[in-house]
Amino acid sequence: MQKILTNTSIKLLMKKIDLQIHLNINKKVGLNKKIGIIQSIWNTDITNRLYSGCHKTLVKYGVNEKNIKTIKVPGSFELIFGAKNMISNNPKLDAVIVIGSIIKGETPHFNFISQAIANGIKDLNILFNIPIVFCVSTDLNHQQALDRAGGRMGNKGTDAAYTTLQLLQTSY
């Protein structure tokens, strides 16, 4: 018999998964860490929410606000250039998080941009010896983006911070 998941059961499942991930992160893992965040200002209502969740989580786990360097770029495609320059100009960074939002329109542009950004961030992870964490929400509509930026599906910015902290704790 096929089980139908309700919104409530999805939320509970997500909280269980989140709890399992977060229980393994040392509350002081962020002490003395320097984190770069590159935020796209395209779809700023979404990226501001992602940024907020990310920033709050980093601080919660010991990253000093003075050690979080943020730059803003026009769109998600420019996240690659922003990340590359931030790393090149700040060699003491421990990790970088890129935050963007792409919402599908009526043309294939969405597919090209999404794929290019994913490949660009992958390439930077190969080139540099610090983690560059991908937090680019690629959604079919504005409501779906809101749902993933602090709405019913959680906050992917918070998730990106947890990913970063887990990588830092693992001592890559």
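Within any chain, residue numbers begin from 1 and follow the written order of that chain's sequence. Only residues with pLDDT of at least 70 are given local features in this predicted model, and only at 80 or more are side-chain atom pairs given and counted; all residues enter the totals for whole chains, interfaces and linings. Computation of side-chain values: all heavy atoms of the structure, hydrogens and water removed.

1. Side note on the packing of aromatic side chains
Item 1. Centres within 6.5 Å make a pair out of two Phe, Tyr or Trp rings, where for Trp the six-membered ring is used; the pair is then stacked when the planes are under 30 degrees apart, edge-to-face when over 60, and tilted otherwise. All chains considered together, the criterion is met by one aromatic pair.
Item 2. Arranged with centres 5.6 Å apart and planes meeting at 80°, the rings of Tyr-61 and Tyr-162 form a pair that is edge-to-face. Of this pair, Tyr-61 sits in the loop between α2 (44-60) and β2 (68-73) while Tyr-162 sits in helix α6 (residues 156-170), and the two are 101 residues apart along the sequence. Each member of the pair, Tyr-61 together with Tyr-162, is buried. For the purposes of this entry, the term helix denotes a DSSP run of H or I that reaches at least four residues, the term strand denotes a run of E that reaches at least two, and both are numbered from the N terminus. Residue exposure (1.4 Å probe, protein chains only): buried if accessible area is under 20% of the type maximum, exposed if over 50%, otherwise partly exposed.

2. Brief notes about the pairing of strand β4 (residues 132-139)
Item 1. The buried fraction of β4 is high, at six of eight residues.
Item 2. Sheet topology note: the strand β3 (residues 95-103)/β4 ladder contains eight bridges and is parallel. Opposite Ile-99, over in β4, you have Cys-135 as the bridge partner.
Item 3. Orienting the strands away from the viewer, one traces the path from the first strand over the helix to the second; a clockwise path indicates a right-handed crossover. With respect to chirality, the unit in which β3 leads through helix α4 (residues 109-127) into the neighbouring parallel β4 is right-handed. For two strands to be treated as a pair, DSSP must find at least two bridges joining them.

3. Some remarks on the nonpolar core
Item 1. What we call a nonpolar core is a set of buried Ala, Val, Leu, Ile, Met, Phe, Trp, Tyr and Cys residues that are connected through their side-chain atoms within 4.5 Å. Ranked by size, the top nonpolar core spans 25 residues in total, and within it Ile-35, Ile-37, Cys-54, Leu-58, Ile-97 and Ile-99 carry the most contacts.
Item 2. At the level of secondary structure, the elements contributing two or more residues to this core comprise β1 (35-40), α2, β3, β4, α5 (142-147) and α6.
Item 3. Residue contacts follow a heavy-atom distance rule, with two residues in contact if any of their heavy atoms lie within 4.5 Å. Apart from residues no more than four positions distant in its own chain, Ile-35 is found in contact with Leu-58, Val-63, Asn-67, Ile-68, Lys-69, Leu-93, Ala-95, Ile-97, Thr-164 and Leu-168.

4. Side note on α6
Item 1. A helix is expected to span 1.5 Å for every residue after the first. Between its first and last C-alpha, α6 extends 21 Å over 15 residues, near the 21 Å set by a 1.5 Å rise per residue.
Item 2. Among all positions of α6, only Gly-157, Thr-158, Ala-160, Ala-161, Tyr-162, Thr-164, Leu-165 and Leu-168 are buried.
Item 3. For α6, the side-chain oxygen to backbone nitrogen distance between the N-cap and Gly-157 is 2.7 Å, and the N-cap itself is Asn-155. Side-chain atoms alone can form a polar contact between residues adjacent in sequence; in general such a contact is a pair of N or O atoms within 3.5 Å, and within protein one must be able to donate a hydrogen while the other accepts it.

5. Remarks on the pairing of β3
Item 1. The buried fraction of β3 is high, at eight of nine residues.
Item 2. Taken together, the five bridges between β1 and β3 define a ladder with parallel strand orientation. By the bridge assignment, Gly-36 is partnered in β3 with Val-96.

6. A word on the side chain of Asn-155
Item 1. On the secondary structure map, Asn-155 appears in strand β6 (residues 154-155).
Item 2. When its relative accessible area of 14% is taken as the criterion, Asn-155 is described as buried.
Item 3. Contact partners of Asn-155, with chain neighbours within four places excluded, come to Arg-49, Leu-50, Gly-53, Arg-148, Ala-149 and Gly-150.

7. Things to note about the sheet that holds β1
Item 1. Spatial ordering of the open sheet is given by β2-β1-β3-β4, a layout of four strands whose pairing is parallel. The open sheet has two edge strands with one neighbour each: β2 and β4. With strand direction ignored, the average angle separating the axes of adjacent strands in the sheet is 15°.
Item 2. To obtain an axis, a line is fitted to C-alpha atoms, over the contacting stretch when the element is a helix, and the angle between two such axes runs from 0 to 180 degrees between their N-to-C directions. Sitting on the sheet, helix α3 (residues 79-89) touches β1, β2, β3 and β4, and the angle it makes with β1 is about 155°.
Item 3. Running over the sheet, α6 touches β1, β3 and β4 and is turned about 160° from β4.

8. Some remarks on α4
Item 1. Here α4 contains 19 residues, and its C-alpha end-to-end distance of 27 Å stays within 8% of the 27 Å for a straight helix at 1.5 Å per residue.
Item 2. Those residues of α4 that sit buried are Phe-110, Ile-113, Ser-114, Ile-117, Gly-120, Ile-121 and Leu-124. Buried positions in α4, seen along its axis, are confined to an arc of 135° and lie on one side of it. When the buried face of α4 is taken as reference, the exposed residues oriented beyond 90 degrees from it are Phe-112, Ile-126 and Leu-127.
Item 3. The elements touched by buried residues of α4 are α3, β3 and β4. Starting at the helix axis, one direction is taken to each C-beta atom, and the arc is that of these directions.

9. Some details on the state of the cysteines
Item 1. Only a pair of cysteine sulfur atoms within 2.5 Å counts as a disulfide in this structure description. Counted under the stated rule, the structure contains zero disulfides.
Item 2. For the unlinked cysteine Cys-54, the closest cysteine sulfur is that of Cys-135, found at 6.6 Å.
Item 3. Relative accessible area serves as the criterion here: at 4%, Cys-135 is assigned to the buried category.

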